[in-house]
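Structural overview
Each chain, letter by letter, is given below.
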Amino acid sequence: MKNYRPDASQIADKRFGQNFLEDRSVVEQIIQSMPDDDLPVVEIGPGLGDLTKELVRVRPVTAFEVDKRLCDYLGKNFSREIADGRLRLECGDVLERWKNGSLIDRPYRLVANLPYYIATNIILKALRDPHCRSTLTMVQKEVAEKFAAREGDRNFSALSVLAGSVGEARIRLLVPPSAFNPPPKVESAVLEIRKEHNLTDGGFEAFLKAAFRQPRKTLMKNLSAAYPKSLLEPLFEALKLGKTLRPHQVGTTLYHRLYQALTKEPDHGKESKPINGKSEQEQLRQ
Ligand SMILES: C[S@@+](CC[C@H](N)C(=O)[O-])C[C@H]1O[C@@H](n2cnc3c(N)ncnc32)[C@H](O)[C@@H]1O
């Protein structure tokens, strides 16, 4: 017999970013947006299991839930799926779990309605996780826009460059607060990132942090805080980069060239590890 479902608005714990997705048509659209293959799914924050229920129908799922009350509820409510191996439930903080390496020991797709207070951190960890092949995640709309922005867009950011370095990011769906219980104060979006590479170089991420430190200042000014002008000026000239360009006006390929030149070791500048054969150098030449 199934467990009695608690009232979402009564049990929601703000500390854990709990806004439960109750609009079934949105759940259905997330399932429809999944890549058409049979890779297992990792879900972070199954909550009351509304998305989990649909995921286990189509793929084996490993779900990580930090809230013990929800974990107990899920353990009882999905006892059959757990017993027959369609669902593996891990109770605890997924960020702690990531410290021990990949979340599971084979290629997977991340599909989740993420807790917004750590959504960016989770996506970056997934981009670094060599077993993660793609992410399809509900996040705050502004976060999705930052990852999915294109060069020249006002909100093209360090996150856009990182997403562009591993593959392609796009917004699949905009979701209003009314789809959730309790409704969040912000608009949401389902963001997809399909990976062809993994992020492997923390140095590149630190470089981007410097480049976008003050997004409305010029790129030259931002980078001057971290690198000597005597290095930057000839480099900007060689790459035909105007000194008045703002960080959002420079594309992903040029950021890699700049980084490689500044670190002075062409191979060290390699930011990502190919998943399917093609090296990043080959990619950049296309
Ligand atoms: C926005 S709710 C989504 C719940 C459910 N998937 C849904 O769509 O209704 C976020 C979920 O992430 C869980 N969560 C928050 N922080 C977490 C963490 N560090 N590790 C694992 N789960 C976490 C919350 O307890 C909550 O269940």
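About the thresholds
Residues numbered from 1 in each chain as written. Predicted model: local features only at pLDDT ≥ 70, side-chain atom pairs only at ≥ 80, totals over all residues. Heavy atoms only, no water. Near = heavy atom within 4 Å. Polar contact = N/O pair within 3.5 Å; in protein donor to acceptor, adjacent residues only side chain to side chain. Helix = DSSP H or I, 4+ residues; strand = E, 2+ residues; numbered from the N terminus. Nonpolar A, V, L, I, M, F, W, Y, C, P; charged D, E, K, R; others polar. Buried < 20%, exposed > 50% of the residue type's maximum accessible area, 1.4 Å probe, protein only. Arc of directions from axis to C-beta. Salt bridge = Lys/Arg side-chain N within 4 Å of Asp/Glu carboxyl O. Domains from an automatic or database assignment. Contact = heavy atoms within 4.5 Å. Buried area = accessible area lost by both parts, 1.4 Å probe.

The next thing to look at is the site of the ligand. If you check the shell around the ligand, you find 23 residues, and the closest are Leu21, Gly45, Glu65, Asn113 and Tyr117. A distance of 3.4 Å separates a nitrogen atom of the ligand from a polar backbone atom of Pro46. At 2.8 Å, a side-chain N or O of Asn113 approaches an oxygen atom of the ligand. When residues of the shell around the ligand are traced back to their parent elements, those giving at least two are strand 1 (20–21) and strand 3 (61–65). For the shell around the ligand, the residue count by class is 12 nonpolar, seven polar and four charged.

Attention shifts here to helix 12 (residues 229–238). Since the α-helix advances by 3.6 residues per turn, residues separated by three or four positions end up pointing in the same direction. Taken together, the buried positions of helix 12 are Leu232, Leu235 and Phe236. Taken down its axis, helix 12 places every buried residue within 100° of arc, on the same side. Helix 12 presents Ser230, Glu237 and Ala238 as exposed residues on the side facing more than 90 degrees away from its buried surface. Downstream of helix 12 by one or two residues, Lys240 has phi in the positive range, about 55°.

The subject of this paragraph is unusual backbone geometry. Leaving glycine out, the prevailing phi sign among residues is negative, and the prevailing peptide bond configuration is trans. Each neighbour pair has its own omega, and for Asn181 with Pro182 the value is -10°, a cis peptide bond. With respect to the helices and strands, Pro182 occurs in the loop between strand 8 (180–181) and strand 9 (188–195).

Our next topic: helix 9 (residues 158–166). Most of helix 9 sits out of view: eight of its nine residues are buried. Those residues of helix 9 not exposed but buried are Ala158, Leu159, Ser160, Val161, Leu162, Ala163, Ser165 and Val166. Measuring from the backbone nitrogen of Leu159 back to the side-chain oxygen at the start of helix 9 gives 3.2 Å, which picks out Ser157 as the cap.

With that out of the way, let us pick up the pattern of salt bridges. Tallying each qualifying case throughout the model produces 19 salt bridges. Glu192 is the salt-bridge partner of Arg194, the closest N and O atoms lying 2.9 Å from each other.

The next subject is the environment of Ala206. Inspection of the secondary structure puts Ala206 in helix 10 (residues 202–211). Separated by 48 residues in the primary sequence, Ala206 and Ala158 have C-alpha atoms spaced 9.8 Å apart.

This brings us to the domain arrangement of the protein chain. Bring the parts together and some accessible area is lost; that lost area is often taken as the interface size. Annotation of the protein chain at the domain level lists domain 1 (8–195) and domain 2 (202–263). Between domain 1 and domain 2, the contact holds 13 residues from the first and 13 residues from the second. Surface buried jointly by domain 1 and domain 2 totals about 1000 Å² across both partners, of which 62% is contributed by carbon and sulfur atoms. Linking domain 1 with domain 2 are one salt bridge. Note that Arg128 is salt-bridged to Glu205, the shortest N-O span being 2.7 Å. Along the contact surface separating domain 1 from domain 2 lie three residue pairs in polar contact (both at pLDDT 80 or more). If you tally residues by element for the side of domain 1 that touches domain 2, the top one is helix 9, at six residues. The residue inventory of the side of domain 1 that touches domain 2, partitioned by class, reads four nonpolar, five polar and four charged.

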